[in-house]
Amino acid sequence: MNNRGFYYPVDLDFGAEGKIYCLNRAHEGDTSGVRVCVLDLDSNYYGIFGSNGYNEGQFIYATGIAVYDEIVYVSDEHTNKISLFDSSGGFIKRWGIAGSKEGQLNGPSALRFDSNGNLYIVDHLNNRIQVFDKDGKYMSGFGSYGTSPGQFNLPWGMTIDSLGFIYVSDWRNDRIQKFTNEGDFVSLFGSTGDKNGEFNRPSSVAVDSEGYIYVTDWGNHRVQIFDKDFDFLQSLRGESTLSPWAREFLEANPDEMAARKTSNLDMNLDIDDQHMLSSHVEKLFWAPISVKIDTLGKIYVVDRNRHRIQVYSKKIFN
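Residues numbered from 1 in each chain as written. Predicted model: local features only at pLDDT ≥ 70, side-chain atom pairs only at ≥ 80, totals over all residues. Heavy atoms only, no water.

Overview of the pattern of salt bridges
For the structure on display, the rule yields 13 salt bridges. Among the ionic pairs, Asp174 bridges to Arg201, the shortest N-O distance being 2.9 Å. Linking Asp174 in the loop between strand S16 (166-170) and strand S17 (175-179) with Arg201 in the loop between strand S18 (185-189) and strand S19 (202-207), this pair joins segments that are 27 residues apart in sequence. Relative accessible area serves as the criterion here: at 1%, Asp174 is assigned to the buried category. (Salt bridge = Lys/Arg side-chain N within 4 Å of Asp/Glu carboxyl O. Helix = DSSP H or I, 4+ residues; strand = E, 2+ residues; numbered from the N terminus. Buried < 20%, exposed > 50% of the residue type's maximum accessible area, 1.4 Å probe, protein only.)

Dropping the structure here:
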């Protein structure tokens, strides 16, 4: 719940020298775990910053994180603020005004920078995307409430591909929408359900350098992969093993180790309830909430209810 580890993580992004910034939201019953953890793929730990509260450098309901020019940006859907930190976690400033007018925010979630340093924000409760410069000056926006193409119902996640196209996980509409960098609607895919290509509250989307699309299908507890034409390719259900941090913790806590050895953490359950399955089988995703891709093409899935990150590398079979 503090220091090295995660506590209901919601998002991550990458900095220089392989550093990973993982944002922990915690939950209403125990807010002690609200913070940003800094680590790398080799499980080296560099510290934490941020905490729960209303003061500068604090968050109430942290939602998204993005790193640009070694400045870390964090969104808070409760205070409607975007907080900025340096790469060592030093607080710089924060900005944001609550409301529904241009440049105001109501429940900001995902943050993403384009190649020109413009910050795109998913304005969750205003059902739109807004664009600011890196200092918080409003530039433009698009989207409105509804079910028609180009409209949103509680959007949550977002990414920008190498060509500048914007993909938004339209959470309540159970679909992914694609836009130009100016906000013009291009296409969409997905519908409500649990079959391949269907979604139950998609929370995040990422696109790799070859155009493959990755979606965290939050309510179905999986990650779905599509090609650039939106054709379904594969579904990931999770296959995590113990991390180095977990092993060290268990070695230092023999009672916990003993309890683990006597527990059945890989039950063979013949049930259709994916939430129940995830809650009983340790290796599976349990409410995956964010997916990001690093410069090497590795896929990072923030596995919220299991307090971990699962990392994948892509394999192409001819």
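Overview of the sheet that holds strand S8 (residues 71-76)
Reading across the sheet, the four strands line up as S7-S8-S9-S10 and stay open at both edges, with antiparallel pairing between neighbours. Edge positions in the sheet fall to strand S7 (62-68) and strand S10 (91-95), since each has one partner strand and no second. For this sheet the average axis-to-axis angle between neighbouring strands, irrespective of direction, equals 20 degrees. The sheet contact formed by S8 and strand S9 (residues 81-86) spans six bridges and is antiparallel. Bridge pairing links Val72 to Phe85 in S9. (Pairing = 2+ DSSP bridges. Axes fitted to C-alpha atoms, helices over the stretch in contact; angles between N-to-C directions.)

Structural notes on the packing of aromatic side chains
Under the criterion given, the structure shown has 22 aromatic pairs. Between Tyr68 and Phe113 the ring centres are 4.7 Å apart and the planes differ by 20 degrees, which places this aromatic pair in the stacked class. Remark: Phe113 occurs in strand S11 (residues 108-113) and Tyr68 occurs in strand S7; sequence separation between them is 45 residues. Overall, the relative accessible area of 24% leaves Tyr68 in the partly exposed class. The exposure class assigned to Phe113 is buried, which follows from its relative accessible area of 13%. One aromatic cluster is present, built from ring pairs that chain together Tyr21, Phe49, Phe59, Phe85 and Phe91. Over the aromatic face of Trp171 sits the side chain of Arg201, whose NZ or CZ is 5.4 Å from the ring centroid. (Phe/Tyr/Trp six-rings, centres within 6.5 Å; stacked < 30°, edge-to-face > 60°. Lys NZ or Arg CZ within 6 Å of the ring centre and 35° of its normal.)

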